[in-house]
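Structure at a glance
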Amino acid sequence: MDAESKRLRELALRAAHTGDCAYTRFLEPSAETLCRAAANAAGCKVAFAGGYDDAERRIAGFYAGEEDALRFPIRRFLLSWNARYGSPGHRDILGALMGLGIERETLGDIALLSEGALVFVHADMADYVLGNLESCGRVKVRVSPCGEDVVPPQPAGTLFYRTVPSERLDAVLAAAYDLSRQEAQSLVRAELVKVNHVVETRGDSRLAEGDLVSARGLGRFRLREIAGVTRKGRVGVRLFVYGK
């Protein structure tokens, strides 16, 4: 068992044995699979939050009772600046935060707004960021706590309705990008397809609502809804294809 898996197992066991919720720092998306495995092994449950619905970097919360007991240690900050002197990008903001000497796992997503940016920070480092972040690149910034009324912009894309033979990965992938089933299977076998940021090599794996699928060279989509079986015995799905 590697160090990360061991740490997650310890948190899950703590939640299972004490009944208290136990939280990680912000995780890379691929680590969520390890969290689910740790929760299953310990006999508890796990949920994830990143500060908003489509967050990529999220905190795992292990719990043994009701999910309502979870209180994720996430703080939201609004960064603002005078656009006459420049507009920092994602790299500028991340570089400035890392330049404070804090670890990447204490930082969640950085969401650029039309004017400013939203930054999600672990509660342990919130006061430090609030008191020390003064500039991003060459631009002076103001940092202030904000509520959930300030939300990241909706991602660009198009919502499609399709019917597929089943919720198999190869079938849904083919429907999303107008491929033949054989073309979709070839992409999967070539390890060019990820489900929830983890490479998936089985074309017959079943997708669930909310799954994020990416195919190298094609883009990514999210399975928003499994709408039920049609009169012809096919499965209706709603797919949000990013960037279209």
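Before reading on, note that the structure itself is shown above.
This section reports on the structure supplied with the text. (Residues numbered from 1 in each chain as written. Predicted model: local features only at pLDDT ≥ 70, side-chain atom pairs only at ≥ 80, totals over all residues. Heavy atoms only, no water.)

Let's shift gears to helix α2 (residues 32-42). Looking at α2, one finds that the buried residues are Glu32, Cys35, Ala38, Ala39 and Ala42. Viewed end-on, α2 has its buried residues packed into an arc of 115°, placing them on one side of the element. Tucked inside the fold, the buried residues of α2 contact α1 (3-18), β1 (22-27), β2 (45-49) and β3 (58-63). Just downstream of α2, Gly43 is the residue with a positive phi angle, here 80°. (Buried < 20%, exposed > 50% of the residue type's maximum accessible area, 1.4 Å probe, protein only. Helix = DSSP H or I, 4+ residues; strand = E, 2+ residues; numbered from the N terminus. Arc of directions from axis to C-beta. Contact = heavy atoms within 4.5 Å.)

Looking now at the environment of Arg57. With respect to the helices and strands, the residue Arg57 is situated in the loop between β2 and β3. When the C-alpha atoms of Arg57 and Ala42 are compared, they prove to be 23 Å apart, with 15 residues separating the residues in sequence. Once you skip the residues sitting within four places of it in the chain, Arg57 turns out to touch Phe26, Leu27, Glu28, Gly50, Arg104, Glu105, Leu107, Gly108 and Asp109.

On to the layout of surface pockets, then. By volume, the largest pocket amounts to about 790 Å³. Lining of the largest pocket is provided by 33 residues; of these, Tyr52, Asp54, Ala55, Glu56 and Arg222 occupy positions nearest its centre. Of all the secondary structure elements, the ones that give two or more residues to the lining of the largest pocket are α2, β5 (107-112) and β14 (219-229). Sort the elements by how many residues they give to the lining of the largest pocket and β5 lands first, with 4 residues. Considering only enclosed or pocket space, the second largest pocket measures out at about 290 Å³ in volume. For the second largest pocket, the full set of lining residues is Phe48, Ala49, Gly50, Gly51, Tyr52, Asp53, Arg58, Phe72, Ile74, Arg75, Arg76 and Glu148. Looking at the lining of the second largest pocket, the elements that each hand over two or more residues are β2 and β4 (74-80). For the lining of the second largest pocket, the leading source of residues is β4, giving 3 residues. (1 Å grid on protein atoms, 1.4 Å probe; cavity = no way out; pocket = protein on both sides within 12 Å on 5 of 7 lines; lining within 4 Å. Points joined across faces, edges and corners; volume = space filled by probe spheres on them.)

Let us look at the packing of aromatic side chains. Using the criterion set out here, one finds 4 aromatic pairs in the structure. Ring geometry for Tyr177 versus Phe221: centroids 5.8 Å apart, planes at 65°, classification edge-to-face. Within this pair, whereas Tyr177 is found in helix α5 (residues 169-177), its partner Phe221 is found in strand β14, the two being separated by 44 residues in sequence. The exposure classification of Tyr177 matches that of Phe221, with both residues buried. (Phe/Tyr/Trp six-rings, centres within 6.5 Å; stacked < 30°, edge-to-face > 60°.)

Strand order in the open sheet formed by 3 strands is β1-β3-β2, and the pairing between neighbours is antiparallel. Each having just a single partner strand, β1 and β2 make up the two edges of the open sheet. Neighbour to neighbour, the strand axes of the sheet diverge by 20° on average, direction disregarded. Looking at chain direction, β2 and β3 are connected through 5 bridges and run antiparallel. Of the residues in β3, the one forming a bridge with Val46 is Phe62. Each of β1, β2 and β3 is contacted by α2, which is oriented at about 155° to β2, the strand it contacts most. (Pairing = 2+ DSSP bridges. Axes fitted to C-alpha atoms, helices over the stretch in contact; angles between N-to-C directions.)

This part is about the sheet that holds strand β9 (residues 142-145). Taken together, 4 strands build an open sheet; the order of strands is β5-β6-β4-β9 and the sheet is antiparallel. Of all the strands in the sheet, the pair left with one neighbour each is β5 and β9. Pairwise comparison of adjacent strand axes, ignoring direction, gives a mean angle of 25° for this sheet. Sheet strands touched by helix α4 (residues 123-132): β4, β6 (117-122) and β9. Its angle to β6, the strand with the most contacts, is close to 130°.

Here the focus is the pairing of strand β13 (residues 212-215). Remark: a regular strand shows side chains that alternate across the two faces of the sheet. Note that strand β11 (residues 193-195) and β13 share 3 bridges and pair antiparallel. Among the inter-strand pairings, Val195 is bridged to a residue of β13, identified as Val213. Here β13 folds back onto β14, and the loop between the two strands holds 3 residues, one of which, Gly217, carries a positive phi near 90°.

On to the side chain of Arg222, then. The residue Arg222 is located in strand β14 in this model. Ignoring sequence-local partners within four residues, the contact set of Arg222 consists of Asp54, Gly210, Asp211, Leu212, Arg238, Leu239, Phe240 and Tyr242.

Attention now moves to the environment of Glu67. Mapped onto the secondary structure, Glu67 falls in the loop between β3 and β4. C-alpha of Glu67 to C-alpha of Val213: the two residues are 146 residues apart in sequence and 27 Å apart in space.

The analysis is restricted to geometry; functional conclusions fall outside its scope.
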